[in-house]
Amino acid sequence: MHGIPATLAFNDKIPYTRPTITVAGWVRKQRVSEVGVQRILGLMASLSEDPVVLGINDIKEKKEEETEIDNNNNKEHIDKVVVIGREEGQSGGGGQCGERDMAHPTGNPIHRSGSRPQLDLSKAAIQGNFEERNPTILLPNQSDDISHLALDIGGSLIKLVYFSRHEDHSVNDKRKKIVKERLGVSNGNRRSYPILGGRLHFVKFETNKLNECLDFISSKQLHRAGLDSRWHPESPANENAIIKATGGGAYKFADLFKERLGVSLDKEDEMDCLVAGANFLLKAIRHEAFTHMEGQKEFFQIDQNDLFPYLLVNIGSGVSMIKVDGDGKFQRVSGTNVGGGTYWGLGRLLTKCKSFDELLELSQRGDNRTIDMLVGDIYGGMDYSKIGLSASTIASSFGKAISENKELEDYRPEDISLSLLRMISYNIGQISYLNALRFGIKRIFFGGFFIRGHAYTMDTISFAVHFWSKGEAQAMFLRHEGFLGALGAFMSYEKHGLDDLMVHHLVERFPMGAPYTGGKIHGPPLGNLNEKISWMEKFVRKGNEIIAPVPMAPPGTTGLGGFEVPSSKGGTLRSDASALNVGVLHLVPTLEVFPLLRDPKTYEPNTIDLADHSELDYWFTVLSDHLPDLVDKAVASEGGTDDAKRRGDAFARAFSAHLARLMEEPAAYGKLGLANLLELREECLREFQFVDAYRSIKQRENEASLAVLPDLLMDLDSMSEETRLLMLIEGVLAANIFDWGSRACVDLYHKGTIIEIYRMSRNKMQRPWRVDDFDVFKERMLGSGDKKPSQHKRALLFVDNTGADIVLGMLPLARELLRRGTEVVLVANSLPALNDVTAMELPDIVAEAAKHCDILRRAAEAGGLLVDAMVSNIDGSRENSSSVPLMVVENGCGSPCIDLRQVSSELAAAAKEADLIILEGMGRALHTNFNAKFKCDALKLAMVKNQRLAEKLIKGNIYDCVCRYEPAN
Amino acid sequence: MDLGNLGIQPNSDPNGSKDHVSHMALDIGGTLIKLVYFSRNCECSVEDKEDKPSNDSLLVSNDHKKFQLLKGSFHFAKFETSKINDCLEFIQCNQLHFSGCKHHGDPTNDKCIIKATGGGAHKYGDLFKEKLGICLDKEDEMDCLVAGANFLLKAVHEEAFTYINGQKEFLQIDHDDLYPYLLVNIGSGVSMIKVDGDSKFERVSGTNVGGGTFWGLGRLLTKCKTFDELLELSHQGNNRVIDMLVGDIYGGMDYAKIGLSSMTIASSFGKAISDNKELEDYKPEDISRSLLRMISNNIGQISYLNALRFGLKRIFFGGFFIRGHAYTMDTISVAVNFWSKGEAKALFLRHEGFLGALGAFVSYEKHGFDDLMVRQLVHQSPVSAQDGGYKIHGSQNGELKDNESIECSVYVS
């Protein structure tokens, strides 16, 4: 019972102590108020009568039994997966999922067996990696055998973009069907032809290792209309398959492609492709562009209406400068022959480096002053200030190599590399600026493989642009810099629908082993999860030893693909601080912008910006500390088998590796907010096929909470309207204490049952809360004096955790709203995240609760939640039809937070008639959306379960509460 | 040794007597020291309207002044900055430093002051003081470049020329139509100066990829011992061996859509990446050629872009990088022509390397420190047909005959 005194101390500080009761042997002073007594008596009754409540010891005793249940569930789930595998023509062995899709097996088995109507989760951004077999949505021109692959074959590198289909299991889900009917959910797009759901992958090869590229394409059958033909072995191999390609090599190697793969390369113009690629990236990918000054990256979302004109500088072997005025409207205005090829070519001659990346890496340790003639060298260390040149300005690149009697061998390759890099970057920056100036262009985007996210390169170019423009022009870079041409070639397939994509349709994921660009490392061609785990075990060490998270190919084990083997460094991983990772782009056409955001353009979900390194440090520690517990839970949720342990271990390594990578380079995965970090963890769990780590815990907590619900409801019903509203809000806040993501709360769990904790938490409720707009909210709900306000038409309740949180907190609040004639839509996660309740679980919970409550039952029936439910034994007379409905919609994500720029179409549809939003919990109301403004009334409710956040956000303490009400206007 | 004179008789003194050296100025750059000095052949007086004390009127007007006409020659010499001692010796041998500070004939004055510009004027000030007992009076580098260029363009006949397809064409530029122009001085680095008039100018740009880069990289890549050797090599080179051409990427075809012929260099040194060849496998000639094209082309492009920015029609290229080297001039001309689509022209100066030094020399007048005023230059010899530009070799031997001169007349009050 260590730790309880702290709780007591907390209470003692408060001058007015609410009445508390004796629970589990601890006693507190009581000061009685009538309301309190009433409430407590009710709860006490329920507690004493409740047989389900578990003491700490009970939990241990029951554990074995639960594990058995879990095992059964798990088996069922695996069976299902295997079936899928077989359908897909796989021979998945044993319990291992038979995955073929390389490098990104998130392997999320969406088809969990369950007693409730199954949710179609395919809309969620996270997807099983099986390629789509079921042609629900086909490429209109698929019969033409045009593959979902495009190439950019440059002088030094081959860039490859390919597309893999989502599973799209539309819908035999009754709940969903009803939601659709009721809310009028459109299919998410109103276009003449559908956007494909799927993924875009980015891979690169060295041009002089063309065969590896051909092998890669061949092994994945990318040239045969994507992967579809794999599932249709009966369809004859088409001899006239066509692949879009750009870059000079599209001409040069056309014959080779014909010979080796039997495909024709359809040559697309290089400039067309570059521009199409850049326009796509800038429009469709959030925070694609960033500036880079003195090592600091800053991401930008550029307003589409303010995008044109811009100057696009593509630095490949040579450099092209293109003025872009719109889609397909552009002109190559300039260029230079001093580009990436010059850097590498001269660098090779001067340093004997074996690869471009090696040369780049050398430059990081170089000192160009030993070779370059600086202004200071000429002026005896003085600035030439009259014309604004500082002593350290390079007056003449390589200028020192002339006056000394040193030979090539006397110079360090590092210094030569840096000097060369500076010379070329500076020169490109200057010429680019002069061209931008010429056309009055403010923004210059630099792309192409020369940059590779290399800090020095970007800094030098930025410096040059800044210097020559006197700060008026801005150098910007693109995260997918190397893939402009390949993306553009991909875009040139007609009617793929890609150019209709909007920012909110795309979600980027960073699975382990994803093709890694912007740097030297390519993902290994991992065939399935098992290979991935083996690889993780071998090459990614746990904890702090990891120096680079992104996999490199184990020497000798990769037969495929241009994956470099770190010949000189054995099994160790190279750190690559400056390069950025490029993930797999998930195209989710059904995602939409939440329509009730007051200003979607300025909306920023994250409250905490992890660009602040101390914040990152802190959350890094929090997440690291929490990791062992999470792994335990995850392994247990899968039955604690050896396989689960192995996967758990791999997950821990992978997630630690992600964290290490982000510590090293916070911008590695793009703009990083806390929400992204928390989602990354969930993604990582799913990647290693942990479907729901908290499954059994959630179930147990739901049962315990449901058992006390009837008494709570009875208690509430006996109160006056005004008292009841306060009690309800208080109940939500108190119940929000349950959060397996919070360290403090996990500690609490070790001290008592959830009901005990809930009660304790309730007893601590002291108004005024740290943020307390309750009175304003109450006035809106109940009016003041004789004025009775109009009731809300529809309320969206964004729910948080399972157990007491949903059952004793949000459901009673929902019931109250229903009772007042307001339609209620419970908005829950599409996929599990921590112990958050999911949209799939909610109908069960509601059904169970409805057994004890007519209001809930009628509303749930009206909302279609009880269609085939077992509560039908309660005599449902026809009066029900008059009830306002209670509905459940999924939010489209699988994270403890929510980014309202990307929500499911059913949520978007539900939002259209909503005039009240209630966001509950730290993840959705504090970490994200704390500062979000809505078009309708919004109530944000949460208990802060993190000291640092409490201090930072509300200048309070852990367990303080937030009740923030913001009326529509 | 081949001097290649300027087409102006160096020493036309019929007496063959040792010229009286009058004035000297220095331009001490990062790579080279450029030296200009004046030697008299004869004197005669010219009377203006009335006699006047000599020291009061220069800054006001010279209407009422008495001038002394000095006839003589400008001489030009250069040394490698790394061999600055050669330069000091040369000055000492020729007693040049006794002439800088004073009116004729007072060689005992030890407070000698000599005009100097370039970064080295700051850096080596103490050395000159110590070795020769002279003070370097630092003149601003840009001031000098511009003054030198303006002086040459106005005073020297057929100073400027274009170089297209191996053909030099001299232009006489109308003084009234001279400004504004872009002056590109290619030394170790490159300065680009917009000139609007006498001492009206602004350094608008520059690049760190200049002569020093050519020589520095060239030395590392070819083991050449001198700049000129490196330049010489480039004559026999073929850059296609090393440069990646548009044709290399497009399988021998042009990229016609954007107007790039298959022979256009897509990436300088771009071929050095894909071959399994080492540095030793490339001919130094080819390397030198490739390097020269890369740098010349780059300078040409940046210059044009700056000219465009300010609406300047003429770009004068000067500085020691060029050295009248045909291929360099050709590449720069082609670059300017290519990027400007024929609208801008690259112009070169015969005395390209000495702009700074000449400017420093001219500054004697400007500052009123001395009373020298260059009035006109007299071409005494018609030998202007001499081909191929001139080369300047490092004057290690310090002999006068290694350098050129311009015959001229100056008035001294």
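My aim in this report is to walk through the structure given alongside it, one point at a time. The shown structure was predicted, so the numbers you read here are calculated from the model rather than taken from an experiment.

Our focus in this paragraph is the overall build of chain B. When you go through chain B residue by residue, the secondary structure sums to 10 helices and 16 strands. Out of the 413 residues belonging to chain B, those deemed buried represent 59%. Long-range pairs, those at least 24 residues apart, make up 71% of the contacts in chain B between residues at least 6 apart in sequence. Looking at chain B as shown, the accessible area adds up to about 16000 Å², and 48% of this sits on carbon and sulfur atoms.

All names here are of chain A. Taken together, the 7 strands give an open sheet; going across it, the order is β7-β6-β14-β13-β8-β9-β10, and neighbouring strands pair in mixed fashion. If you trace the sheet from one side to the other, it starts and ends with β7 (296-300) and β10 (329-336), each paired once. Neighbour-to-neighbour, the strand axes of this sheet turn through a mean angle of 30°, independent of strand direction.

Moving on: the interface of chain B and chain A. Accessible area lost upon the coming together of the parts is a frequently used measure of interface size. With 65 residues of chain B in contact, the opposing surface of chain A contributes 68 residues. Carbon and sulfur atoms make up 58% of the area that chain B and chain A hide from each other, which totals about 5500 Å². When the area that chain B buries against chain A is broken down by residue, the three leading residues are B:Asn208, B:Leu220 and B:Ile273, summing to 13%. Viewed at the interface, chain A and chain B are joined by 4 salt bridges. Of the charged contacts, one joins B:Arg219 and A:Glu407 as a salt bridge, the two residues approaching to 3.5 Å between their closest N and O atoms. Listed by contribution, the elements that provide at least two residues to the side of chain B that touches chain A are α2 (119-123), α4 (141-155), β10 (200-207), α5 (211-222), α7 (246-249), β12 (265-267) and α8 (284-309) of chain B. Ranked by residues supplied to the side of chain B that touches chain A, first place goes to α8(B) with 9 residues. Taken together, the residues of the side of chain B that touches chain A sort by class into 27 nonpolar, 23 polar and 15 charged.

So, about the sheet that holds strand β13 (residues 314-318) of chain B. Residues and elements named next belong to chain B. Judged by pairing direction, the sheet is mixed, and its 7 strands sit side by side in the order β7-β6-β14-β13-β8-β9-β10 without closing on themselves. Two strands bound the open sheet, and with one partner strand each, they are β7 (167-171) and β10. Here the strands of the sheet are splayed against their neighbours by 30° on average, with no regard to which way each runs. As judged from the 7 bridges shared by strand β9 (residues 190-197) and β10, these two strands associate in the antiparallel manner.

This brings us to the nonpolar core. Grouped together as the largest cluster of nonpolar side chains are 108 residues, with contacts concentrated most on A:Phe446 and B:Phe317. It is helix α13 (residues 413-438) of chain A that provides the largest number of residues to this core, a total of 11 residues. Once residues lying within four places of it in the same chain are set aside, the contact partners of A:Phe446 are A:Val313, A:Ile315, A:Ile428, A:Gly429, A:Ser432, A:Ile451, A:Ile461, A:Val465, A:Ala475, A:Met476, A:Phe477 and A:Leu478. Within the second largest apolar cluster, 78 residues are counted, among which are A:Ile608, A:Leu659, A:Phe688 and A:Ala693.

Right, let's talk about the packing of helix α6 (residues 227-235) of chain B against α8(B) for a bit. Residues and elements named next belong to chain B. Running from N to C, α6 and α8 cross one another at 100°; their axes reach a closest spacing of 7 Å. Considering their axes alone, α6 and α8 lie roughly perpendicular with respect to each other. Along its contact with α6, which presents Leu-230, Leu-231, Leu-233, Ser-234 and His-235, the element α8 presents Pro-284, Glu-285, Ser-288, Arg-289 and Leu-292. Per-class residue counts for the contact of α6 with α8 are 5 nonpolar, 3 polar and 2 charged.

Right, let's talk about the packing of helix α5 (residues 210-220) of chain A against helix α7 (residues 254-261) of chain A for a bit. All names here are of chain A. Where α5 meets α7, the closest approach of the two axes is 11 Å, and the angle between their N-to-C directions is 40°. Judged on the interaxial angle alone, α7 and α5 are oblique. At the point where α5 passes α7, the crossing takes the right-handed sense. Seen from α5, the contacting residues are Leu-210, Asn-211, Leu-214, Asp-215, Ile-217 and Ser-218; seen from α7, they are Leu-256, Phe-257, Arg-260 and Leu-261. Of the residues in the contact of α5 with α7, the class split is 6 nonpolar, 2 polar and 2 charged.

Residue and element names in this part refer to chain A. Of all 8 residues that make up strand β9 (residues 319-326), 7 are buried, and the element is covered over most of its length. In this sheet, β9 lies alongside strand β8 (residues 310-315) in antiparallel orientation, the contact comprising 6 bridges. Residue pairing in the sheet places Tyr-310 in a bridge with Val-324 of β9. Connecting β8 to the next strand, β9, in antiparallel fashion are 3 residues. Note that β9 and β10 share 7 bridges and pair antiparallel.

On to the packing of aromatic side chains, then. On inspection of all chains with the given rule, the structure shows 33 aromatic pairs over all chains. With centroids separated by 4.8 Å and ring planes inclined at 55°, the aromatic side chains of B:Phe76 and B:Phe354 adopt a geometry described as tilted. In this pair, B:Phe76 is assigned in strand β3 (residues 67-80) and B:Phe354 in the loop between β14 (345-349) and α10 (355-366), connecting sequence segments 278 residues apart. In this pair, the class of B:Phe76 matches that of B:Phe354, namely buried. Relative to B:Phe227, the ring of B:Phe214 has its centre 5.6 Å away and its plane inclined at 75°; by these criteria the two rings are edge-to-face. One end of the pair, B:Phe214, is in helix α5; the other, B:Phe227, is in helix α6, and 13 residues separate them in sequence. When its relative accessible area of 0% is taken as the criterion, B:Phe214 is described as buried. Overall, B:Phe227 belongs to the buried group, its relative accessible area being 5%. Through a chain of ring-to-ring contacts, three or more aromatic side chains come together here, namely A:Phe290, A:Phe299, A:Phe446 and A:Phe477.

Residue and element names in this part refer to chain A. Tracing the backbone through its elements, the reader meets Arg-653 in helix α18 (residues 642-664). Judged by relative accessible area, Arg-653 falls into the buried class, the value being 14%. Here the alpha-carbon distance between Arg-653 and Ile-533, two residues 120 residues apart in the chain, equals 9.6 Å.

Here we come to the side chain of B:Asp330. Residues and elements named next belong to chain B. Structurally, the position occupied by Asp-330 is in helix α9 (residues 326-339). Although Asp-330 lies buried, it forms no salt bridge, and the closest oppositely charged side chain, Arg-289, sits 7.4 Å away as judged by the N-O distance. Separated by 3.4 Å, the side chain of Asp-330 and the backbone nitrogen of Asn-165 make a polar contact. Ignoring anything within four residues of it in the chain, the contact list for Asp-330 reads Tyr-163, Ile-164, Asn-165 and Gly-166.

This next bit is on α7(A). All names here are of chain A. Those residues of α7 that sit buried are Ala-254, Phe-257 and Leu-261. For α7, the arc enclosing every buried residue in end-on projection is 70°, short of the 170-degree limit, so these residues lie on one face. For α7, the exposed residues set more than 90 degrees away from the buried face come down to Asp-255 and Glu-259. Just downstream of α7 lies Gly-262, where phi reads positive at about 70°.

Our focus in this paragraph is the environment of A:Ala395. Following the sequence through the fold, A:Ala395 ends up in strand β12 (residues 394-396). With residues up to four places along the chain from it excluded, the contact list for A:Ala395 reads A:Met373, A:Leu374, A:Val375, A:Ile378, B:Ser188, B:Gly189, B:Val190, B:Thr207 and B:Asn208.

Time to look at the pattern of salt bridges. Scanning all chains against the criterion turns up 54 salt bridges over all chains. Here B:Glu139 makes a salt bridge to B:Lys115, at a shortest N to O gap of 3.0 Å. Linking B:Glu139 in the loop between β5 (134-138) and α4 with B:Lys115 in strand β4 (residues 112-117), this pair joins segments that are 24 residues apart in sequence. Taken together, the shared-partner salt bridges connect A:Asp717, A:Glu721, A:Arg724, A:Arg815, A:Glu816, A:Arg819 and A:Arg820 into one network.

This next bit is on the environment of A:Asp377. Relative to the assigned elements, A:Asp377 resides in helix α11 (residues 375-378). Take A:Asp377: its relative accessible area is 23%, and that puts it in the partly exposed class. Considered as a pair, A:Asp377 and A:Thr393 are 16 residues apart in the sequence and their alpha carbons are 9.7 Å apart. Every residue in contact with A:Asp377, bar those within four places of it in the chain, is listed here: A:Asp372, A:Lys400 and B:Lys123.

Conventions adopted
Residues numbered from 1 in each chain as written. Chains lettered and ligands numbered in written order. Predicted model: local features only at pLDDT ≥ 70, side-chain atom pairs only at ≥ 80, totals over all residues. Heavy atoms only, no water. Helix = DSSP H or I, 4+ residues; strand = E, 2+ residues; numbered from the N terminus. Buried < 20%, exposed > 50% of the residue type's maximum accessible area, 1.4 Å probe, protein only. Contact = heavy atoms within 4.5 Å. Areas by Shrake-Rupley, 256 points an atom, 1.4 Å probe, with all protein chains shown as cover. Pairing = 2+ DSSP bridges. Axes fitted to C-alpha atoms, helices over the stretch in contact; angles between N-to-C directions. Buried area = accessible area lost by both parts, 1.4 Å probe. Salt bridge = Lys/Arg side-chain N within 4 Å of Asp/Glu carboxyl O. Nonpolar A, V, L, I, M, F, W, Y, C, P; charged D, E, K, R; others polar. Core = buried A, V, L, I, M, F, W, Y, C linked by side-chain atoms within 4.5 Å. Parallel < 35°, antiparallel > 145°, perpendicular 65-115°, else oblique. Left-handed = near helix turned anticlockwise from the far one by under 90°. Phe/Tyr/Trp six-rings, centres within 6.5 Å; stacked < 30°, edge-to-face > 60°. Lys, Arg positive; Asp, Glu negative; His and termini not counted. Polar contact = N/O pair within 3.5 Å; in protein donor to acceptor, adjacent residues only side chain to side chain. Arc of directions from axis to C-beta.

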